[in-house]
Structure formats: C-alpha cells, structure tokens
Amino acid sequence: MNFGFVALRWQSPFWRTWDWALLVLALLHGISGLRVIVQDYARRPGWRLAWNWAFGIVGFTLFVLGTIIVFTFDPSLFR
C-alpha cells in the first residue's frame, strides 16, 4: 500500500466512509478498553473519573482530527 493506492481509493465516497467508520470503531474499542482497565486498577473514584475524562477528551480529539482528515484530504495537493 502506498500513497497512490490510497489516493485512488479515496476518490470514492464509499471508501472514505468505510475508512472513517473503521476509525470510529477502532477509537471506540480502544477508549472502551482503557475505561475497563481504569475501572479495574484505579481504586479512588476521583482518579477513575479523572482518567475516564482524560481518555474521553483524547478520544474525542482524535475522532475530530481523523474526521477532518478523512473528509477533507485532497491527494491532488501532494502530487
């Protein structure tokens, strides 16, 4: 897989949407796993809340940045 392959593939709205869905599902899976780990190992409720908020903010930030990249990326600017 190289830049040309991705540029050709992302000409289709289907593949952009597919890749965005994979991004969203991977982020949800990862943040959910981190939440479970925090529930298992963080003893104090305050720390649990802080860690869950931190992971939620990081996850939301990555979601926004990934969405912007997937839907606004123009491969013709890099040729």
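Preceding block: the structure.
Read on for a plain summary of the structure. What you are looking at is a predicted structure, and each value in this text was computed from that prediction instead of being measured.

1. Here we look at the overall build of the chain
Piece 1. Of regular secondary structure, the chain possesses 3 helices and 0 strands.
Piece 2. Each helix and strand of the chain, ordered N terminal to C terminal, gives the series α-α-α.
Piece 3. Against the compact-globule benchmark of 12 Å for 79 residues, the chain has a radius of gyration of 17 Å, which places it well outside the compact range.
Piece 4. If you line up the chain on its principal axes, its C-alpha atoms span 50 × 20 × 15 Å.

2. Some thoughts on the pattern of salt bridges
Piece 1. Under the defined criterion, the tally for this structure stands at 1 salt bridge.
Piece 2. As a salt-bridge pair, R9 and D19 come within 2.9 Å of each other at their nearest N and O atoms. Taken together, the residues R9 in helix α1 (residues 3–9) and D19 in helix α2 (residues 13–41) connect sequence positions 10 residues apart.
Piece 3. The class for D19 is buried, based on a relative accessible area of 18%.

3. Describing the environment of R48
Piece 1. One can find R48 in helix α3 (residues 45–72).
Piece 2. Linking R48 and I37, residues 11 residues apart in sequence, is a C-alpha distance of 9.9 Å.
Piece 3. Ignoring sequence-local partners within four residues, the contact set of R48 consists of V38, Q39, A42 and R43.
Piece 4. Of note is the side chain of R48, whose polar atom sits 3.1 Å from the backbone oxygen of R43.

4. Quick word on α3
Piece 1. An ideal rise of 1.5 Å per residue puts 40 Å on 28 residues; α3 measures up with 40 Å between its terminal C-alpha atoms.
Piece 2. The complete set of buried residues in α3 reads F55, G59, G66, T67 and V70.
Piece 3. Where α3 is buried, its residues meet α2.

Conventions and cut-offs
Residues numbered from 1 in each chain as written. Predicted model: local features only at pLDDT ≥ 70, side-chain atom pairs only at ≥ 80, totals over all residues. Heavy atoms only, no water. Helix = DSSP H or I, 4+ residues; strand = E, 2+ residues; numbered from the N terminus. Rg over C-alpha atoms; globule rule 2.2 N^0.38 Å. Salt bridge = Lys/Arg side-chain N within 4 Å of Asp/Glu carboxyl O. Buried < 20%, exposed > 50% of the residue type's maximum accessible area, 1.4 Å probe, protein only. Contact = heavy atoms within 4.5 Å. Polar contact = N/O pair within 3.5 Å; in protein donor to acceptor, adjacent residues only side chain to side chain. Expected span 1.5 Å × (residues − 1).

Everything listed here is a matter of geometry and, on its own, says nothing about what the molecule does.
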